Amino acid sequence: MTRFLTFSLLVSLIFTINACGQDNNPLHQIYLVEDASHSVLVFSKTMGWRHDSIEAGAETIIRLGEQNGFSVTWSEDAEYFTDSNLSNYDAIIFLNTTLTILNSDEQRSAFQRFIQNGGGFVGVHSATDTEYDWPWYGELVGAYFDNHPGNPNVREAIIDVVDSDHPSTMHLPERWQRTDEWYNFGMISDQIHVIMKLDTDSYEGSDHPGNHPVAWYQEYDGGRSFYTASGHTIESFSEPLFIEHLLGGLNYVMGIE
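This section reports on the structure supplied with the text. (Residues numbered from 1 in each chain as written. Predicted model: local features only at pLDDT ≥ 70, side-chain atom pairs only at ≥ 80, totals over all residues. Heavy atoms only, no water.)

## Considerations on a nonpolar patch on the surface
- Taken together, M47, L99 and Y132 make up a surface patch of nonpolar side chains, about 260 Å² in accessible area.
- Mapped onto the elements, Y132 comes out in the loop between strand 6 (120-124) and helix 5 (135-141).
- For Y132, a relative accessible area of 36% corresponds to the partly exposed category. (Patch = residues over 30% accessible without salt bridge, like charges linked within 9 Å, V, L, I, M, F, W, Y side chains within 5 Å. Areas by Shrake-Rupley, 256 points an atom, 1.4 Å probe, with all protein chains shown as cover. Salt bridge = Lys/Arg side-chain N within 4 Å of Asp/Glu carboxyl O. Helix = DSSP H or I, 4+ residues; strand = E, 2+ residues; numbered from the N terminus. Buried < 20%, exposed > 50% of the residue type's maximum accessible area, 1.4 Å probe, protein only.)

## Observations regarding unusual backbone geometry
- Here the amide bond leading from N151 into P152 is cis, since omega sits at 0°, within 30 degrees of zero.
- Its place among the elements puts P152 in the loop between strand 7 (143-147) and strand 8 (154-161).
- The phi torsion at N96 lies on the positive side, around 55°, for a residue other than glycine.
- Structurally, N96 can be placed in the loop between strand 5 (91-95) and helix 4 (105-116).
- Residue class for N96 comes out buried when judged on its relative accessible area of 0%.
- Although it is not a glycine, H125 sits at a positive phi angle of roughly 50°.

## Topic: the packing of helix 2 (residues 54-68) against helix 6 (residues 240-254)
- The interhelical angle for the contact between helix 2 and helix 6, taken along N-to-C directions, is 70°, at an axis separation of 11 Å. As summarised for this structure, helix 2 and helix 6 are arranged roughly perpendicular, according to the angle between their axes. By crossing handedness, the relation of helix 2 to helix 6 is classed as right-handed. Note on element contacts: helix 6 touches helix 2 through I243, L246 and L247, opposite T60, I61, L64 and N68.
- Its residues assigned to classes, the contact of helix 2 with helix 6 comprises 5 nonpolar, 2 polar and no charged. (Axes fitted to C-alpha atoms, helices over the stretch in contact; angles between N-to-C directions. Parallel < 35°, antiparallel > 145°, perpendicular 65-115°, else oblique. Left-handed = near helix turned anticlockwise from the far one by under 90°. Contact = heavy atoms within 4.5 Å. Nonpolar A, V, L, I, M, F, W, Y, C, P; charged D, E, K, R; others polar.)

In structure tokens:
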């Protein structure tokens, strides 16, 4: 049953999600903002690895909605992917999704039509570890995860901002030192516009020496797409620079200047 979410309810909701673990839980919560000009669907279903940063990420996006005038629906219910439901949103965020999360061709087709009708898409971190057998999605998100460094998997590195004109990067320093899990990619689309790369001399473990993209955007199949490889850690969603980076990407796909 859909409930209207307040922050006092969020704590109990987080405990519910953690208890569900890998199961396909029926999470579907709505947080409405009065006089909202936009609406966003956060989808965080996992069928593989489940990041413990999902709850922190969803809470951050809900707060961004309250602060910036957009309503948020947070769901892990793939049955919600219908034309009529998705028509209520300006953007869909895949928040650390993993593996095959849409259950049918009908759900995939509804998502595809959402993009073709001008909808926006934001992929966070393991959104590239998602829907490997769907080439259209691979081109939408812009890449597919291959591996990441281990022992430790989370490590400090320096990001070079190569395009500071984008809403997701204009607030960032030219060289941004931060700690996260840095993905290596298999397929990388040649249609993406890269805005941030790793300085591959600043850490060990890159499979893309000298040219390691970690954030990009594109216009794709009638809509807009933005992806950031950051967001593995819980701490990411309390970093002001990363939060502004995420908000800028969301504003871009919603067409907010």
